[in-house]
Amino acid sequence: MTLDLANLLQTAIQRRNQYNYDHQVAVSPEEGLRVDYVALSVSLAHLSDLMGWFKLGQKKAGCVV
């Protein structure tokens, strides 16, 4: 399994654009891209925490290995 970061970023950008349009939010493209990169980083960090990727050799509570 591989992560397609380019696809994830494009999806985040599309969703941000749709949200901004629906809610009439004015954000510069540069600021929007920065927000998207931060959101992607936070989501990947949350995913790695849930999966325990950074806890090599440790068992996460509630995980069946």
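All chains use their own residue numbering, which begins from 1 and follows the written sequence. At least 70 in pLDDT is required for a residue's local features to be given in this predicted model, at least 80 for side-chain atom pairs to be given and counted, and no such filter applies to totals for whole chains, interfaces and linings, which use all residues. Water and hydrogen atoms were dropped before computing side-chain values, which therefore reflect all heavy atoms in the structure.

Engineer: Sorry if this is basic, but what is going on with the overall build of the protein chain here?
Structural biologist: Counting from the N terminus, the helices are DSSP H or I runs at least four residues long and the strands are E runs at least two residues long. Helix and strand counts for the protein chain stand at 2 helices and 0 strands. Think of it in three bands: with a 1.4 Å probe and only protein chains considered, a residue is buried below 20% of the maximum accessible area for its type, exposed above 50%, and partly exposed in between. Within the span of the protein chain, comprising 65 residues, buried residues form 14% of the whole. We get accessible surface area from the Shrake-Rupley algorithm with a probe of 1.4 Å; when it comes to residues, only the shown protein chains can shield them. Accessible surface for the protein chain amounts to roughly 5,700 Å². Of this, 60% is attributable to carbon and sulfur atoms.

Engineer: In this structure, what is going on with a nonpolar patch on the surface? I would like to understand it.
Structural biologist: Only residues whose relative accessible area exceeds 30% and that take part in no salt bridge are eligible for patches, with like-charged residues grouped when within 9 Å of each other and nonpolar side chains (Val, Leu, Ile, Met, Phe, Trp, Tyr) grouped when within 5 Å. Whenever Lys or Arg places a side-chain nitrogen within 4 Å of a carboxyl oxygen from Asp or Glu, that contact is recorded as a salt bridge. Taken together, the side chains of Leu-3, Leu-5, Leu-8, Leu-47, Leu-50, Met-51 and Trp-53 make up a nonpolar region of the molecular surface, amounting to roughly 640 Å² of accessible area. Those elements that provide at least two residues to the nonpolar patch are helix H1 (5-22) and helix H2 (29-51). Sort the elements by how many residues they give to the nonpolar patch and H2 lands first, with 3 residues. Within the element layout of this structure, Leu-50 appears in helix H2.

Honestly, it's all geometry; don't read function into it.
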